[in-house]
Each structure stands twice: as C-alpha cells, then as structure tokens.
Amino acid sequence: MRTITVLFSLLILSSCGAPTIAPVDQLKTDVAYLAADELEGRETGTKGEQMAADYLAQRFAALGLSPKGTQDYLQKFSFKPSTNPHEQTKVDAPSEEEGMPQGTNVIGYKDNGGDKTVIIGAHFDHLGWGGEGSLYRDSIPSIHNGADDNASGVALLLYLAEQLKDEKNPQSNYLFIGFSGEEKGLLGSNYFAKNPTIDLESVNLMINMDMVGRLNEENTLAVHGVGTSPRFKQLLFANNDFGLNIAEHESGVGPSDHTSFYLMDLPVLHFFTGQHEDYHKPSDDADKINYQGLETIGKYIYALVSDLDDDAKLAFRKTKNESEETPRFKVGLGVVPDYLYTGTGMRIDGVSEDKPAQKAGLQKGDVVVRLGDSTVTDMMSYMRALSVFKQGDSTQATIERGEESLEVRIDF
C-alpha cells in the first residue's frame with residue numbers, strides 16, 4: 001500500500017499545475033489514501049477522520065472549488081451517543097463541552113450562476129478499529145479501512161468534481177459534500193440538511209454514492225430513489241450507454257445519506273454496487289476495488305447530471321418506505337440474498353453454516369423460484385413466502401442451479 005507521504009506528494013503536484021494523471025489512476029490514489037492504515041479507519045471524531053477531512057478539503061481546493069462550509073471547507077458538528085438503544089445519537093452545533101466528540105463535513109462549491117443546484121455527496125467516515133457495526137469476529141482488534149465503504153464513493157465524488165468543474169455554459173451549480181458520521185446514524189448529512197450552507201430551495205436533486213467500488217461481472221448497479229421524481233426512470237435508461245444493468249429501487253429512504261435529503265422533500269438518487277463478504281470487516285481494502293467499474297459509474301452519473309442541466313427543475317414525489325413493507329419472519333433460510341440480482345427468483349449470494357439452506361444442500365448462485373405454495377419472482381415475493389413458516393415447519397422448494405431445476409426439502 002502506498003504511504004501517506006507519497007500520496008500527499010501526488011496531491012501537491014496536481015495542485016501545482018503538473019500534468020493531470022489518468023482518471024483511473026486518480027481514483028486509485030484517492031482510495032489508497034483514504035483506506036490507508038495511517039487513517040485508522042476514519043471513525044468520526046478521531047484523528048484519522050480529521051486527516052481524511054483535511055485531504056478532501058485540499059483536493060477540493062486543488063480542483064478550484066470554493067469553500068462552502070462554516071469554517072472554510074469544513075462544517076463541524078458535535079454528537080452525543082445515546083446509551084439507550086431505543087434513542088438516536090443526538091447531533092448539534094459544535095460544542096465546547098468537555099468530552100463532546102465532533103465530526104466534520106467537507107463542502108466545496110462550483111458556482112455557475114445558475115438558479116438550480118445539484119448536491120453530490122458521499123460519506124468518508126468508517127468504523128475505525130471496529131466496534132459497533134463491525135462484522136469482524138476475531139478477538140484481536142483490527143483496522144477497518146473501508147475501501148469500498150466508502151473511500152470508493154469519495155473517490156467518485158472527486159472524479160465528478162473534476163469532470164464538472166470545466167463544463168461549458170452550465171446552467172446548474174454543484175455542491176460537493178463529504179459527509180462524516182454516516183456510520184453512526186447519518187449524523188453529518190442530517191446536520192447539513194438542517195443547517196445548510198446554501199438555500200435548499202435551489203436544490204434540484206441530491207446524488208449519493210455509497211459502496212460503489214465492487215461493480216460485478218454482470219455490471220449491476222443498484223439505484224435507489226428512482227420514485228422520488230417522475231423524470232428519473234426515463235433519465236436512468238436513456239443515458240445508459242455504458243452496459244450497466246440497472247437495478248431500480250423506488251424508495252427515497254435507506255441506510256445512507258440520501259435519506260436526510262429525501263426527508264427535506266428533495267429528489268434523490270443513491271448509487272450502490274452491493275454488499276460483499278468484506279463488508280464492515282478489516283478485509284475491505286483498496287486492492288479489491290474494481291477501478292474500471294468505478295470510472296464507468298462515474299461516466300454514467302456525469303451523463304445523468306449533464307442531461308438534466310438544461311431541463312426544468314425536477315418535481316419531487318414521496319415514495320413508500322420499502323423497509324416498512326417488509327414481512328416479518330419467525331424463521332430464516334440461512335442465506336445471504338443477492339440484492340443486485342435482476343432475474344426471476346431470489347439468487348443466493350452466501351449460505352450460513354448449520355442453517356436450513358445448508359442442510360438442504362443449497363449453494364451460492366442457486367436461484368429460489370418456489371418456496372412452499374408460493375412462486376418466488378423477486379426479493380419481496382421471497383420474503384412474503386418465507387413469512388408464513390414457523391419453527392418446526394417443513395416445505396418443498398424449487399431451485400434453479402445453472403440449467404438444472406431441483407426440488408429440495410427445507411426443514412425450519
């Protein structure tokens with residue numbers, strides 16, 4: 001892994017007018033810095049988080065973005081973690097109270113004199129050495145570098161700033177925000193949405209990028225928030241000249257920073273390439289990022305933003321909260337669903353040890369097309385089918401494995 005010194009040298013050279021490096025190499029440089037061990041996982045309120053914030057502020061300055069924080073590029077906030085699991089962490093303006101931790105948003109602005117503004121955001125914090133939220137089960141603490149979650153999104157944020165800074169005759173302004181506190185409950189985006197440094201009435205849409213570094217062989221890109229404006233469906237497919245397989249999700253509510261803006265009645269689009277076995281573990285490192293795929297997603301988002309630039313302001317539309325519609329289960333199959341799968345059925349992305357699926361012989365890549373009396377066409381129908389069973393029940397399932405169709409018995 002490249003050292004911090006080398007990476008800062010590259011940053012200084014780029015800001016001094018040296019030849020611009022290739023986009024993929026710049027993406028690699030940004031991810032490698034943010035996911036370096038020296039930043040110790042960028043947990044909100046730590047020295048590593050501040051190093052990441054400083055890096056992002058310097059990159060914004062090198063790109064010619066104007067400061068739009070409350071302290072130059074920075075917008076600080078304080079937060080008080082709740083000891084009650086049923087209460088949320090409280091976030092507020094910076095506090096001088098002793099022991100009150102602080103987080104930092106980083107905000108750069110490209111003012112093109114337009115009457116519309118596009119917010120482009122990505123969180124740069126992660127889990128530090130683990131703790132709450134970590135899926136690492138070793139007793140020895142280890143740095144969670146968060147290359148995909150979410151150095152990848154921040155690198156893409158910087159890529160888009162580079163592409164948009166020299167647009168010819170743009171009619172939109174662009175606000176670029178690196179959020180902190182996402183892993184602790186969307187703290188930074190929530191604080192900004194309630195304490196904006198621009199007039200939110202001017203905002204046309206908010207674009208969020210969280211875990212966009214693992215584009216798979218099927219080129220599947222999940223896009224959430226598609227229902228938050230009537231224009232989005234046509235926009236997404238009209239601009240897909242990049243061979244992407246778009247997995248649409250209507251809801252504007254989800255576990256990332258776009259939610260804070262949807263709740264302010266703003267159209268949102270959230271981009272995501274899916275969970276993986278390194279999620280929230282120390283193994284989420286920079287060498288596992290698909291950098292060519294990351295650039296492809298950047299080109300796609302740039303095309304979307306460019307297409308909207310000379311259009312009328314987007315209409316906002318409320319959506320159903322998909323998580324509230326999820327059926328409740330008394331039993332589990334013991335699989336990790338492939339949430340990016342766009343075919344018919346529910347494809348299995350992982351199988352847990354000693355659970356009903358493993359005991360029935362199910363494997364990663366199997367597609368469940370029938371469970372009991374119910375046909376499974378997608379994730380929601382799979383969950384509805386599963387919700388009717390209780391502990392001790394047995395049923396038959398139909399599984400597609402390659403060209404084969406298998407009947408298996410499931411014992412819950």
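Located above this text is the structure these notes cover.
Summarised in this report is the structure supplied together with it. Note that the structure is a prediction, hence the values are computed from the model and not measured.

What counts and how
- Residues numbered from 1 in each chain as written.
- Predicted model: local features only at pLDDT ≥ 70, side-chain atom pairs only at ≥ 80, totals over all residues.
- Heavy atoms only, no water.
- Helix = DSSP H or I, 4+ residues; strand = E, 2+ residues; numbered from the N terminus.
- Rg over C-alpha atoms; globule rule 2.2 N^0.38 Å.
- Buried < 20%, exposed > 50% of the residue type's maximum accessible area, 1.4 Å probe, protein only.
- Contact = heavy atoms within 4.5 Å.
- Areas by Shrake-Rupley, 256 points an atom, 1.4 Å probe, with all protein chains shown as cover.
- Lys, Arg positive; Asp, Glu negative; His and termini not counted.
- Charge placed at Lys NZ, Arg CZ, Asp CG, Glu CD.
- Phe/Tyr/Trp six-rings, centres within 6.5 Å; stacked < 30°, edge-to-face > 60°.
- Pairing = 2+ DSSP bridges.
- Salt bridge = Lys/Arg side-chain N within 4 Å of Asp/Glu carboxyl O.
- Expected span 1.5 Å × (residues − 1).
- Axes fitted to C-alpha atoms, helices over the stretch in contact; angles between N-to-C directions.
- Parallel < 35°, antiparallel > 145°, perpendicular 65-115°, else oblique.
- Nonpolar A, V, L, I, M, F, W, Y, C, P; charged D, E, K, R; others polar.

With that settled, the discussion passes to the overall build of the chain. Helices and strands together make up the secondary structure of the chain, namely ten helices and 16 strands. Radius of gyration (C-alpha) of the chain: 22 Å, near the 22 Å computed for a compact globule of 412 residues. Counting all 412 residues of the chain, 53% fall into the buried class. In the chain, of all internal contacts separated by at least 6 residues, the share reaching a separation of at least 24 is 74%. Put simply, the chain shows about 18700 Å² of open surface, and 47% of that area lies on carbon and sulfur atoms. The distance from the centre of the 37 positive side-chain charges to the centre of the 62 negative ones in the chain is 3 Å.

On to the environment of Phe329. Within the secondary structure, Phe329 sits in the loop between α8 (291-308) and β11 (335-337). Distance in space between the C-alpha atoms of Phe329 and Val305 is 40 Å, their sequence separation being 24 residues. Contacts of Phe329, omitting those with residues within four sequence positions, involve Met383, Leu386 and Ser387.

Right, let's get into the packing of aromatic side chains. When we look at a pair of aromatic rings, we describe it by the centre distance and by the angle of the planes. Enumeration according to the criterion identifies eleven aromatic pairs in this entry. Ring centres 6.3 Å apart and planes at 55° place the aromatic pair Phe60 and Tyr73 in the tilted group. A residue pair is termed long-range when its members are at least 10 positions apart, and Phe60 in helix α3 (residues 47-62) and Tyr73 in the loop between β1 (66-67) and β2 (74-80) qualify at 13 residues. Here Phe60 matches Tyr73 in class, with each residue buried.

Right, let's get into the pairing of strand β7 (residues 203-209). Counting buried positions along β7 gives seven out of seven residues, so the element sits mostly inside the fold. Inspection of the sheet shows strand β5 (residues 116-123) paired to β7 by five bridges, in the parallel sense. Bridge assignment links Thr117 to a residue of β7, and that residue is Val203. In terms of strand pairing, β7 meets strand β10 (residues 268-272) through four bridges, oriented parallel.

Below, the discussion takes up the side chain of Asp309. As for its position among the elements, Asp309 is in the loop between α8 and β11. No salt bridge is formed by the buried Asp309. Its closest oppositely charged neighbour is Lys116, at 5.4 Å. In contact with Asp309, other than residues within four places in its own chain, are Lys116, Asn169, Pro170, Gln171, Ser172 and Tyr174.

With that settled, the discussion passes to helix α4 (residues 147-164). An ideal rise of 1.5 Å per residue puts 26 Å on 18 residues; α4 measures up with 24 Å between its terminal C-alpha atoms. Summarising burial for α4: 16 of the 18 residues are buried, a large majority.

Packing of helix α2 (residues 23-34) against α3 brings their axes to within 10 Å, and their N-to-C directions diverge by 155°. Considering the angle they form, α2 stands roughly antiparallel to α3. For the pair formed by α2 and α3, the contact residues are Gln26, Thr29, Asp30, Tyr33 and Leu34 on the first element and Met51, Ala52, Tyr55 and Arg59 on the second. Taken together, the residues of the contact of α2 with α3 break down into five nonpolar, two polar and two charged.

Locating Val91 in the fold gives a position in strand β3 (residues 90-92). According to the relative accessible area criterion, Val91 is partly exposed, its value standing at 23%. The spatial distance from the C-alpha of Val91 to the C-alpha of Thr70 is 16 Å, given a sequence separation of 21 residues. When residues no more than four places from it in sequence are discounted, the contact partners of Val91 are Phe77, Ser78, Phe79, Leu187, Asn190 and Tyr191.

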